Amino acid sequence: MTNSPKPLTTAETASLCQVVRSPALLMRESLAGAITALALIPEVISFSVIAGVDPKVSLIASVVLCLAMSVLGGRPAMVTAAAGSVALVIGPMVHQHGVGYILPAVVMAGVIQILFGVLGMAKLMRFIPQAVMTGFVNALGILIFFAQVPHFWSSNPLVIALFAATLLMVLFIPRFIKSIPSPLIAVVVLTLFTVFSGQLPPVVGDQGSMAGGMPAFTELLVPLNLNTLQIIWPCALSIAFVGLMESLLTAKLVDDLTGTPSSKARESAGLGVANILAGFYGGIAGCAMIGQTIVNVEMGKGRSRLSTLVAGLVLLVLVTGLSAVMAKIPMAVLAGIMVIVALKTFSWHSIQPSALKQTPWSATLVMLVTVIATVSTGNLAIGVLAGIVVLVLIPSGIRQRHALKSETASPAPEK
């Protein structure tokens, strides 16, 4: 029996109808999607540099991925776009052989991901230990934080002021205004301030070309022969499995945050279809982006597919029709938002002395190895694999005793 992408379930349809019929829920989901779209821009542009492609390529691919996964994905409210982990994999092939090989590599990766979902292999993700998951989350928080440092660590007083103002607005505005996400207020207010005051901080437009308009379909620029297959297959395998691992781990995290289940098989197959579509119209692959997902789920309180659908549509409007407006958003403001995301992502409970006393040393070791391997390589998949390898190397007798100790202590993880 196969597990192919399925249409919306009855429960999901009912939930969407409830959102559409409720002005408050509709506003909440829409505003969550809007701020998520803004949070996507700086990272997607920076990842395009790593992958060796034009920023417009990554932005349009992110629109396609976000819209496609809003319908095909197995985890509502999870954001999918052109991600750094995939860019790290594609980059070396592009620098060595050229951008022409991206399309066949992405299509091949998409087919692998579809097979992974159809054959039910996504269920294997349930065997990833909690210590590895904690290390994955902590490493991600660290990576998100340090990716923002160049945008706020400056001798320019204006940059520091904008960064500090963003932190204060995002943290304190929710005490007075709950109907509009505070990050969205911060972006609008501080962008208007810099524009009308004539201030000139580093802005989104400095990161790459912001030309408007829609691109054409991606052309196949290389022959489909054995030589091309020899070039693309290592990259395609890496795209497929890195994308699957990051997406399924993020789905599990959102499951825990929202207390709702997701379909891992549907997520895997849906990601494959979305990547093929993004390859033909956009030109690069992607996967779940945990930082932006946290923005949607935690800051915007997005819970339905409508939030990610709105995110894709807002990003489309920004990229094609309002590119000049998008280009004026100060990078320090977006960095401030992502720093708060990093702090919310990190599991502070896992490093509290009381929790460390109750946690077996083997679990702490696995968590630390996962963090160190991920941060040192910048690759989440390598970090997760390193954590699993270390766990396997620990003698089974010790693992069993420590597992029993963990069940007895059972500290509740911080959400």
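Residues numbered from 1 in each chain as written. Predicted model: local features only at pLDDT ≥ 70, side-chain atom pairs only at ≥ 80, totals over all residues. Heavy atoms only, no water.

(A) Broad picture of the side chain of Asp 255. Here Asp 255 shows up in helix 9 (residues 226–258). A relative accessible area of 13% places Asp 255 in the buried class. At 2.8 Å, the side chain of Asp 255 and the side chain of Lys 264 are in polar contact. With near-sequence residues (within four places) excluded, Asp 255 lies in contact with Arg 75, Thr 260, Pro 261, Ser 262 and Lys 264. (Helix = DSSP H or I, 4+ residues; strand = E, 2+ residues; numbered from the N terminus. Buried < 20%, exposed > 50% of the residue type's maximum accessible area, 1.4 Å probe, protein only. Polar contact = N/O pair within 3.5 Å; in protein donor to acceptor, adjacent residues only side chain to side chain. Contact = heavy atoms within 4.5 Å.)

(B) Region of interest: the packing of aromatic side chains. Per the stated rule, a full pass over the model turns up six aromatic pairs. The interplanar angle of 10° and the centroid separation of 4.1 Å between the aromatic rings of Phe 152 and Phe 163 together place this pair among those described as stacked. Here the residue Phe 152 occupies a position in helix 6 (residues 130–152), and Phe 163 occupies one in helix 7 (residues 157–172), the gap between them amounting to eleven residues. Each member of the pair, Phe 152 together with Phe 163, is buried. (Phe/Tyr/Trp six-rings, centres within 6.5 Å; stacked < 30°, edge-to-face > 60°.)

(C) Seen up close, the confidence of the model for the protein chain. Mean pLDDT for the protein chain: 85, with 91% of residues reaching 70 or above. Confidence, expressed as mean pLDDT per element, reaches its minimum in the protein chain at helix 18 (residues 396–409) with 64 and its maximum at strand 1 (residues 80–81) with 96. Scored below 50 in pLDDT, residues 409–415 makes ten contacts in the model with residues more than four places away or belonging to other chains. (pLDDT = per-residue confidence, 0-100.)

(D) Geometry of empty space enclosed by the protein. The full count for this structure, using the stated rule, is one cavity of 30 Å³ or more. What the largest cavity holds in volume is close to 30 Å³. Listed by contribution, the elements that provide at least two residues to the lining of the largest cavity are helix 2 (23–51) and helix 4 (84–97). In terms of residue count, helix 2 provides more of the lining of the largest cavity than any other element does, three residues in total. Along the lines of polarity and charge, the residues of the lining of the largest cavity split into eight nonpolar, two polar and no charged. (1 Å grid on protein atoms, 1.4 Å probe; cavity = no way out; pocket = protein on both sides within 12 Å on 5 of 7 lines; lining within 4 Å. Points joined across faces, edges and corners; volume = space filled by probe spheres on them. Nonpolar A, V, L, I, M, F, W, Y, C, P; charged D, E, K, R; others polar.)

(E) Just the environment of Thr 191, in detail. For Thr 191, the position within the fold is in helix 8 (residues 182–197). Classification of Thr 191 as buried rests on a relative accessible area of 11%. Sequence separation of Thr 191 and Val 203 is twelve residues, and the distance between their C-alpha atoms is 9.4 Å. The contact partners of Thr 191, leaving out residues within four places of it in the chain, are Ala 186, Lys 328, Ile 329 and Pro 330.

(F) How the structure looks around the packing of helix 4 against helix 9. Relative orientation of the contacting elements helix 4 and helix 9 amounts to 170°, with a least axis distance of 8 Å. Here helix 4 lies roughly antiparallel to helix 9, going by the angle between them. For the pair helix 4 and helix 9, contact is made by Ser 85, Val 86, Val 89, Ile 90, Met 93 and His 97 and by Ile 231, Ile 232, Cys 235, Ser 238, Ile 239, Val 242 and Glu 246, respectively. Residue composition of the contact of helix 4 with helix 9, by class: nine nonpolar, three polar and one charged. (Axes fitted to C-alpha atoms, helices over the stretch in contact; angles between N-to-C directions. Parallel < 35°, antiparallel > 145°, perpendicular 65-115°, else oblique.)

(G) Quick peek at helix 14 (residues 331–345). Under the 1.5 Å per step criterion, the end-to-end length of helix 14 is 21 Å for 15 residues, consistent within 8% with the ideal 21 Å. Summarising burial for helix 14: 13 of the 15 residues are buried, a large majority. (Expected span 1.5 Å × (residues − 1).)

(H) Examining the layout of surface pockets more closely. As a volume, the second largest pocket reaches approximately 480 Å³. Taken together, 23 residues form the lining of the second largest pocket, with Glu 43, Phe 47, Gly 84, Leu 143 and Ala 147 sitting closest to its centre. Among the elements of the structure, helix 2, helix 4, helix 6 and helix 11 (290–299) are those that each provide at least two residues to the lining of the second largest pocket. Examining the composition of the lining of the second largest pocket, we find that six residues originate from one element, helix 6, more than from any other. Residues of the lining of the second largest pocket, tallied by class, amount to 13 nonpolar, eight polar and two charged.

(I) Representation of the pattern of salt bridges in the model. Inspection of the entire model under this criterion finds three salt bridges. Measuring nitrogen to oxygen at the nearest pair gives 2.9 Å for the salt bridge that ties Arg 28 to Glu 29. Arg 28 sits in the partly exposed class, given a relative accessible area of 30%. The exposure class assigned to Glu 29 is buried, which follows from its relative accessible area of 0%. Among the salt bridges present, the one from Lys 264 reaches Asp 255, with a minimum N-O distance of 2.8 Å. For Lys 264, a relative accessible area of 21% translates into the label partly exposed. One network of salt bridges, in which partners are shared, links Arg 75, Asp 255 and Lys 264. (Salt bridge = Lys/Arg side-chain N within 4 Å of Asp/Glu carboxyl O.)

(J) How the structure looks around the packing of helix 5 (residues 102–118) against helix 10 (residues 264–280). One can describe the packing of helix 5 onto helix 10 by two numbers: an axis separation of 7 Å at closest approach and a directional angle of 165°. Classified by the angle their axes make, helix 5 and helix 10 are roughly antiparallel. The interaxial crossing formed by helix 5 with helix 10 has left-handed handedness. Counting all contacts with helix 5, which are made through Leu 103, Val 106, Val 107, Gly 110, Val 111, Gln 113, Ile 114, Phe 116 and Gly 117, the residues of helix 10 involved are Ala 265, Ser 268, Ala 269, Leu 271, Gly 272, Val 273, Asn 275, Ile 276, Gly 279 and Phe 280. Grouping the amino acids of the contact of helix 5 with helix 10 by side-chain chemistry returns twelve nonpolar, seven polar and no charged. (Left-handed = near helix turned anticlockwise from the far one by under 90°.)

(K) Quick look at unusual backbone geometry. Even without glycine at this site, Ala 77 takes up a positive phi of about 75°. By the secondary structure assignment, Ala 77 is in the loop between helix 3 (55–72) and strand 1. Backbone geometry places Lys 301, a non-glycine residue, at a positive phi of 60°.

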